[in-house]
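# Residue-level structural notes
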Amino acid sequence: MKNNRNFSSFEGAGRRRSTRLPILPIVLVVLVVALLAFLWSRGGEQPQQRVEKAIPAEKLGQ
């Protein structure tokens, strides 16, 4: 009598793990992209501010 591998008791557990396994990397990639988009939207361009430059007294008198 031959054992049929298609009806193995271990195959059902292997199938369940294989369907869950690709979901985890996809979720991680989506979370990283969402985090980068969030940080990028908050960082943006900063408004320009006037920079006061110290001028020595010798140049002010000229």
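Residues numbered from 1 in each chain as written. Predicted model: local features only at pLDDT ≥ 70, side-chain atom pairs only at ≥ 80, totals over all residues. Heavy atoms only, no water.

Turning to the overall build of the chain, a few remarks are in order. Within the chain, the secondary structure is distributed over 3 helices and 0 strands. Put simply, the chain runs from its N terminus to its C terminus through helices and strands in the order α-α-α. A buried classification covers 0% of the 62 residues belonging to the chain. As presented, the chain carries roughly 7,200 Å² of accessible surface, and 61% of it is formed by carbon and sulfur atoms. (Helix = DSSP H or I, 4+ residues; strand = E, 2+ residues; numbered from the N terminus. Buried < 20%, exposed > 50% of the residue type's maximum accessible area, 1.4 Å probe, protein only. Areas by Shrake-Rupley, 256 points an atom, 1.4 Å probe, with all protein chains shown as cover.)

Here we take up a nonpolar patch on the surface. Judged by side-chain polarity, Ile23, Val27, Leu28 and Leu31 come together as a nonpolar surface patch covering roughly 380 Å² of accessible area. By the element assignment, isoleucine 23 lies in helix H2 (residues 23-43). Classification of isoleucine 23 as partly exposed rests on a relative accessible area of 47%. (Patch = residues over 30% accessible without salt bridge, like charges linked within 9 Å, V, L, I, M, F, W, Y side chains within 5 Å. Salt bridge = Lys/Arg side-chain N within 4 Å of Asp/Glu carboxyl O.)

We now examine the confidence of the model for the chain. The share of residues in the chain with pLDDT of 70 or more is 63%, and the mean pLDDT across the chain is 76. Mean pLDDT in the chain bottoms out at helix H1 (residues 9-20), which sits at 54, and peaks at H2, which reaches 91. (pLDDT = per-residue confidence, 0-100.)

Glancing now at H2. Between its terminal C-alpha atoms H2 stretches 30 Å, which fits the 30 Å expected from 21 residues at 1.5 Å a residue. For H2, a buried count of 0 out of 21 residues is recorded, marking the element as mostly open to its surroundings. (Expected span 1.5 Å × (residues − 1).)

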